[in-house]
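Residue-level listing of the chains:
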Amino acid sequence: MSAPRVSFVSLGCPKALVDSERIITKLRSEGYEIAPKHDGADLVIVNTCAFIDSARNESLANIGDALNKNGKVIVTGCLGAEPEVVTKTYPNVLAITGPQAYESVMEAVHKVAPPVHDPFVDLVPPQGVRLTPRHYAYLKISEGCSNHCSFCIIPQLRGKLVSRPASNILREAERLVQAGVKELLVISQDTSAYGQDLKYSESVWKDHSVRARFYDLAKELGELGVWIRMHYVYPYPHVDDVIELMAEGKILPYLDIPFQHASPTVLRNMKRPAHLEKINKRIEKWRSICPDIALRSTFIVGFPGETEEDFQLLLDWMSEVKIDRAGCFKYEAVEGAAANDLGLEIIPEEIKESRWKRFMAHQKTISAQLLKKKIGKRLQVLVDESDGHKGIGRTKYDAPEVDGVVHLTSRRPIRTGELVTVKIEQSDDYDLYGMIV
């Protein structure tokens, strides 16, 4: 009997991607094959996103596409936490489970297509099945979030913060490094809050104990000899200690911080930290400790009640602090979010669009100025793509998919996944250009 074949759709953020990797690992460990197309597969799993309305619509569209092409569909992920939304449009899906419900997904799969297991044939590598390239991987250190941002429903979808013991994370990280991973991207919903729910309890790693604390975990990861990149870090005071590790070269001098805005009024309405002077002093301190630190952030324009004065304050702040990499989103109302009930003025779509364009143009100028300063420098670059004597890679200041790249040329063939030294010769608004030396 041939092995059942499962087609898989993974939507949403890197945290959801890790969930997909875990489900696929379980499928492969039980002998299932992963089909490249819906047609001909025994069933389809759609791992959904529901953070904003456009993400919900994309999830529903993918469910509909899978039903049209296959007919047997299991829905999981964040939209699965609201099953009535799915069944209202597609009442004939086979099963619906919420995020991180790996066992429930497998139970549903077993009912539709029971496994045909052969322990002599079914092989799963120790690091599990991953959906990223071989040379980098996401390392999820916790689930859920205990913050109460008014625009967000992640706590409703994924629950409160639940941290993994440090030893479990380090064991997974070590397996990934042994499998050839050159860069670990540490992710969670609130990375700097790691361990609070565990009361920073210790767990045994090799010959010593490690506390479930952001600094302690970062220090241990920094001993693995690969790039360690920190994402989704809130600017709590104890983050200062981790900047020391960056200055020492233990982890990458890169911090992804979701500032969201700069206007104290907008930040208070968002239920976010609104002490701009404290944030500015913290950024100044980080740069004094680690002068080459790269800061990445995301911002929201058009939040209810945002005035032109609020928006201009954001642009002025961007000019002052010069965030290296910045993304911007037009605010979308999310069903169930507290922001819907604040009674604030709704910003018209045309104003949102205008502010988004102005923000992106403003940041483009800042980015271009910062990148020009790298011309003539020699930087380490991790190669993501190669084509003979040309390639594309990233410096330690850039994360995959969300930041800029380095366009590479070389006198010798370039290999994907290798670390090379590059002399930067040119720059544009977002990218660098250089020769491998």
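Residues numbered from 1 in each chain as written. Predicted model: local features only at pLDDT ≥ 70, side-chain atom pairs only at ≥ 80, totals over all residues. Heavy atoms only, no water.

In the nomenclature of an unreviewed UniProt entry, the protein corresponds to Ribosomal protein uS12 methylthiotransferase RimO from the organism Bartonella apihabitans. Under the Sequence similarities (unreviewed entry) heading, UniProt states for the protein: "Belongs to the methylthiotransferase family. RimO subfamily." Under the Function (unreviewed entry) heading, UniProt states for the protein: "Catalyzes the methylthiolation of an aspartic acid residue of ribosomal protein uS12." (UniProt positions renumbered as here; feature names shortened; annotations may be inferred.)

Trainee: Quick one: what's the story with the packing of helix α1 (residues 14-29) against helix α4 (residues 102-112), residue by residue and with numbers?
Mentor: Following both chains from N to C, one finds α1 and α4 inclined at 45 degrees, their axes separated by 10 Å at the closest point. Our classification of the angle between α1 and α4 gives oblique. You can see that α1 and α4 cross each other, and the crossing is right-handed. Two secondary-structure elements touch here, α1 through D19, R22, I23, K26 and L27 and α4 through Y102, E103, V105, M106 and V109. Residues of the contact of α1 with α4, tallied by class, amount to 6 nonpolar, no polar and 4 charged. (Axes fitted to C-alpha atoms, helices over the stretch in contact; angles between N-to-C directions. Helix = DSSP H or I, 4+ residues; strand = E, 2+ residues; numbered from the N terminus. Parallel < 35°, antiparallel > 145°, perpendicular 65-115°, else oblique. Left-handed = near helix turned anticlockwise from the far one by under 90°. Contact = heavy atoms within 4.5 Å. Nonpolar A, V, L, I, M, F, W, Y, C, P; charged D, E, K, R; others polar.)

Trainee: An account of the layout of surface pockets is needed here, citing residue identities and associated values.
Mentor: A volume near 410 Å³ is recorded for the second largest pocket. Surrounding the second largest pocket, 17 residues form its lining, D292, I293, D324, L370 and K374 being those nearest its centre. Examining the composition of the lining of the second largest pocket, we find that 3 residues originate from one element, helix α12 (residues 349-372), more than from any other. Both domains that furnish three or more residues to the lining of the second largest pocket are identified here as domain 2 (136-373) and domain 3 (377-436). (1 Å grid on protein atoms, 1.4 Å probe; cavity = no way out; pocket = protein on both sides within 12 Å on 5 of 7 lines; lining within 4 Å. Points joined across faces, edges and corners; volume = space filled by probe spheres on them. Domains from an automatic or database assignment.)

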